[in-house]
Amino acid sequence: MQQPGAVRWPQGKRGCMALAFDLDGPTGDAMLNGSLWSTPEYFTFGAYGPYRALGRLLDLLRAFELPATFFVPAWVVEQWPQQCQAIIEQGHEVAYHGYRHESFWAISPDEQRAVMAKSAEIFHNILGITACGFRTPSGDWHAETPQILRDAGVIYSSSMRGDDRPYSIPVAGHTPLVEIPGKWEMDDYASLAYTRQPDFPKGGDRIASYAHTRDNWQREFDGAMDEGLCLTTLFHPKISGQPGRILLLEQLFEHMTARDDVWFARCDAVAQWYLQEQQHD
Amino acid sequence: MTEPSRWPLGFQSAAILTLDFNDIHGILTQAPAVAGRDKTLSVWRYGTLRGVDRLLALLAEKQLKATWCMPAIVAEEQPELVLRMVADGHEIACSGDMHEDFSLLTLEQQIASVTRGCDKLAHITGSPIVGFRTPAGQWKPGLAAALIERGIRWSSSWRGDDLPYFHPGTRLVELPMHYTLEDEPYFAFNLSPAIPPGQSRIAPYAETLANMTQDFHGFHRFGLCYLLRLHPEIIGTAGRIGLLRALLDTLQQHNVWIATAEQAAAHWQTQPDNDVSHPAEVFTRIIGGAHGEHA
């Protein structure tokens, strides 16, 4: 294990920032239990992400020349193929996030394999890609999941929370699965999401101050980069791609790109770099 | 995103000020357990007693016309307030007859609620009602066509966009909402019964104003439709009316078309149909069974 401060990111950079977005659209629990089809107001809330917010976000990433990874349920790719193709065309990564945002904790290993196979087929047919990354929808997964992911050709996951740098998850018969852990602190849902019926957050909590949210994120970024760590985000176009909040991201990106000691990378590049480094050890 | 302006007269963006005037009927629908609890109900009666006056005074001061959405029962209980709104040139729109939870109604019952509500409101105001906002709950398939048949020309009930759009298969204009542009997610509060359920703190006023101001700057930069959804009992207090005054000051310093919902909807009739990938179109295709997704 490398010591803090000893990490050498590519291009001699001190820290690594892997911007990542979960393009969930209207997928998730309400779609899985069928209640979504009697709640047009809630469907449109979710569908706003791929339909309206994504394009604005891609424009912002292009303006700052920042690469990003989009974890996309394959159902969203089926419904909004052109919007999702634009992610690829603009040089970003699309990675696995279930078919309809199934909780991998709640489904059997066979069902997990089926979701991965169906997603791979859709990504291939509509986007012309073979994805190599995965973020588990709705939090947790099963003990069998790393094996299922490696069997499906996945080399990295960004599903866990408990560390500041990539690490290896051993998988029998395979090279290890690389884990690029995220943080609730860098999840826009924790600060900014609000819906009623279904209520989220459950307590109907307040939308946080944008300025304070940006300050939180900037402190997390500065702290991680100063210590030579790897930081990723769990941002959602439908939440932080709204008109007022895209200005928040613009301010955040201005802050991030003011430093010249940061390696901005897609998650797949981080994972590939990490695997190479492991070979040297 | 750079798109050509969608708005008349060279305006860069549009803003619509909607006020939900539900008195106690809004909270009774949202939290039926409050029935008979006078202290709690008085929190929501405050709008009728004090908040509407402050809002009307501010709107007159700013020379702005707003759209007041209400169920007919509120207008029947407070006709003098409604007539003052009308006399001041504001628009009156319908939130059903009794502020019913539409999720509990059949399509026929939903249509009956809108029809009764519009008839009563038209009788009180002396003008036909052309706008609708769902009081609570969700639409049944077929409601959009029924609204058009009854002379409704716009709704402001769904989400899914930053620009108006059409309900699929009709020219009923939807003026979509964002939770971020509502006062309730920031300020609604009651101790017992707990509203909101987690009893989170009332948000800081200055930070809320800063959020809503930044939201406006985003909508304006991208040429969109900034639709506020406010409540007289929430925004119409002596301490909060100043937030709205400051926000309206900001709007009036920009090249924004501040329109009533009816004016914005009439303008939108000049715009093309929805993109096929629009959320409303995708939803309608799916519940139509094309994908066999829903049970």
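Calculation rules
Residues numbered from 1 in each chain as written. Chains lettered and ligands numbered in written order. Predicted model: local features only at pLDDT ≥ 70, side-chain atom pairs only at ≥ 80, totals over all residues. Heavy atoms only, no water. Phe/Tyr/Trp six-rings, centres within 6.5 Å; stacked < 30°, edge-to-face > 60°. Helix = DSSP H or I, 4+ residues; strand = E, 2+ residues; numbered from the N terminus. Buried < 20%, exposed > 50% of the residue type's maximum accessible area, 1.4 Å probe, protein only. Lys NZ or Arg CZ within 6 Å of the ring centre and 35° of its normal. Core = buried A, V, L, I, M, F, W, Y, C linked by side-chain atoms within 4.5 Å. Contact = heavy atoms within 4.5 Å. Pairing = 2+ DSSP bridges. Axes fitted to C-alpha atoms, helices over the stretch in contact; angles between N-to-C directions. UniProt positions renumbered as here; feature names shortened; annotations may be inferred. Buried area = accessible area lost by both parts, 1.4 Å probe. Salt bridge = Lys/Arg side-chain N within 4 Å of Asp/Glu carboxyl O. Polar contact = N/O pair within 3.5 Å; in protein donor to acceptor, adjacent residues only side chain to side chain.

**Q** Teacher, can you tell me more about the packing of aromatic side chains here?
**A** Remark: the centre distance and the inter-plane angle together describe each pair of aromatic rings, the angle taken between the planes. Enumeration over the complete set of coordinates arrives at 29 aromatic pairs over all chains. Considering the side-chain rings of phenylalanine 45 of chain A and tyrosine 179 of chain B, the 6.1 Å spacing of their centres and the 70° angle between planes classify their relative orientation as edge-to-face. One end of the pair, phenylalanine 45 of chain A, is in helix H2 (residues 40-64); the other, tyrosine 179 of chain B, is in the loop between strand S7 (173-174) and helix H7 (184-187), on a second chain. Judged by its relative accessible area of 9%, phenylalanine 45 of chain A is buried. Given a relative accessible area of 6%, tyrosine 179 of chain B falls into the buried group. Over the ring of tryptophan 184 of chain A we find arginine 161 of chain A; its NZ or CZ atom is 4.2 Å from the centre of that ring. Lying across the ring of phenylalanine 166 of chain B, arginine 171 of chain B places its NZ or CZ 3.9 Å from the centre.

**Q** Would you mind going over the nonpolar core with me for this structure?
**A** Nonpolar side chains tend to gather and get buried jointly when the protein is soluble and globular. In terms of nonpolar packing, the biggest core is built from 163 residues, with Phe21, Leu61, Phe70, Leu249 and Phe253 of chain A together with Trp68 and Tyr226 of chain B touching the most fellow members. Here the element with the most residues in this core is H2 of chain A; it accounts for 10 residues. In this structure tryptophan 68 of chain B touches Leu19, Phe21, Val52, Leu55, Leu56, Leu59, Met85, His90, Glu91, Ile92, Ala93 and Pro232 of chain B, once residues within four positions along its chain are discounted. Of all hydrophobic cores here, the second largest spans 19 residues; its members include Cys16, Ile180, Trp263 and Tyr274 of chain A.

**Q** Looking at this structure, how should I read the environment of aspartate 38 of chain B?
**A** Turning to its location among the elements, aspartate 38 of chain B is positioned in helix H2 (residues 38-62). For the pair aspartate 38 of chain B and glutamine 252 of chain B, spaced 214 residues apart in sequence, the C-alpha to C-alpha distance is 40 Å.

**Q** Looking at this structure, how should I read the sheet that holds strand S9 (residues 230-232) of chain A?
**A** Pairing between sheet strands relies on hydrogen bonds along the backbone, with the strands arranged either parallel or antiparallel. Residue and element names in this part refer to chain A. Judged by pairing direction, the sheet is parallel, and its 3 strands sit side by side in the order S9-S1-S10 without closing on themselves. Edge positions in the sheet fall to S9 and strand S10 (262-264), since each has one partner strand and no second. Neighbour-to-neighbour, the strand axes of this sheet turn through a mean angle of 20°, independent of strand direction. Judged from the 3 bridges that link them, strand S1 (residues 15-18) and S9 form a sheet pairing that is parallel. By the bridge assignment, cysteine 16 is partnered in S9 with cysteine 230.

**Q** In this structure, what is going on with the UniProt feature "domain: NodB homology" (unreviewed entry) in chain A? I would like to understand it.
**A** The positions UniProt marks with the feature "domain: NodB homology" (unreviewed entry) are residues 39-265 of chain A. Counting secondary structure, residues 39-265 of chain A comes out at 47% helix and 11% strand; the distance between its end C-alpha atoms is 38 Å.

**Q** Quick question: what am I supposed to make of the interface of chain A and chain B here?
**A** Accessible area lost during the coming together of the parts is what is often quoted as the interface size. The interface of chain A with chain B comprises 46 residues on the first partner and 53 residues on the second. Together, the buried faces of chain A and chain B total about 4300 Å²; carbon and sulfur atoms form 56% of this surface. On the surface where chain A and chain B come into contact, there are 5 salt bridges. Residue arginine 159 of chain B pairs with glutamate 41 of chain A through a salt bridge whose shortest N-O separation is 2.4 Å. Inspection of the chain A/chain B interface yields 26 residue pairs in polar contact (both at pLDDT 80 or more). At the level of secondary structure, the elements contributing two or more residues to the side of chain A that touches chain B comprise H2, helix H3 (74-79), helix H8 (210-226) and helix H10 (243-257) of chain A. Looking at which element gives the most residues to the side of chain A that touches chain B, the answer is H2 of chain A, with 13 residues.

**Q** Explain the pairing of strand S2 (residues 67-70) of chain B here, please?
**A** Two faces make up the sheet, and in a regular strand the side chains alternate between them. Residue and element names in this part refer to chain B. The two faces of S2 match: Thr67 and Cys69 on one face and Trp68 and Met70 on the other face are all buried. Both S2 and strand S3 (residues 91-94) contribute to a ladder of 4 bridges, which runs parallel. Paired with methionine 70 across the bridge in S3 is cysteine 94.

**Q** Can you walk me through unusual backbone geometry in this structure?
**A** Negative phi values dominate among residues other than glycine, just as trans dominates among peptide bonds. In this chain, phenylalanine 200 of chain A is followed by proline 201 of chain A through a cis amide linkage whose omega measures -5°. A cis amide bond links isoleucine 195 of chain B with the next residue in sequence, proline 196 of chain B, at an omega value of -5°. Positioned with a positive phi, aspartate 23 of chain B is a non-glycine residue whose angle comes to about 50°. Mapped onto the fold, aspartate 23 of chain B is located in helix H1 (residues 23-30). Relative accessible area serves as the criterion here: at 6%, aspartate 23 of chain B is assigned to the buried category. Here glutamine 199 of chain B, not a glycine, exhibits a phi torsion of approximately 50°, which is positive. For glutamine 199 of chain B, the location among the structural elements is in the loop between H7 and helix H8 (205-221).

**Q** Sorry, what's going on with the pattern of salt bridges here?
**A** If charged atoms from side chains of opposite charge come close, those side chains can pair. If you walk through the whole model with that rule in mind, you get 28 salt bridges over all chains. A salt bridge links arginine 259 of chain A to aspartate 261 of chain A, with the nearest nitrogen and oxygen atoms 2.9 Å apart. This pair shows no difference in class: arginine 259 of chain A is buried, exactly as aspartate 261 of chain A is. Taking the shortest distance from any N to any O, the salt bridge between arginine 229 of chain B and glutamate 182 of chain B comes out at 3.5 Å. Placement of the pair is arginine 229 of chain B in strand S8 (residues 225-230) and glutamate 182 of chain B in the loop between S7 and H7, with a sequence separation of 47 residues. On the basis of relative accessible area, glutamate 182 of chain B is assigned to the buried category, the value being 1%. Among the charged side chains, a network of salt bridges with common partners joins Glu41 of chain A together with Asp20, Arg133, Arg159, Glu182 and Arg229 of chain B.

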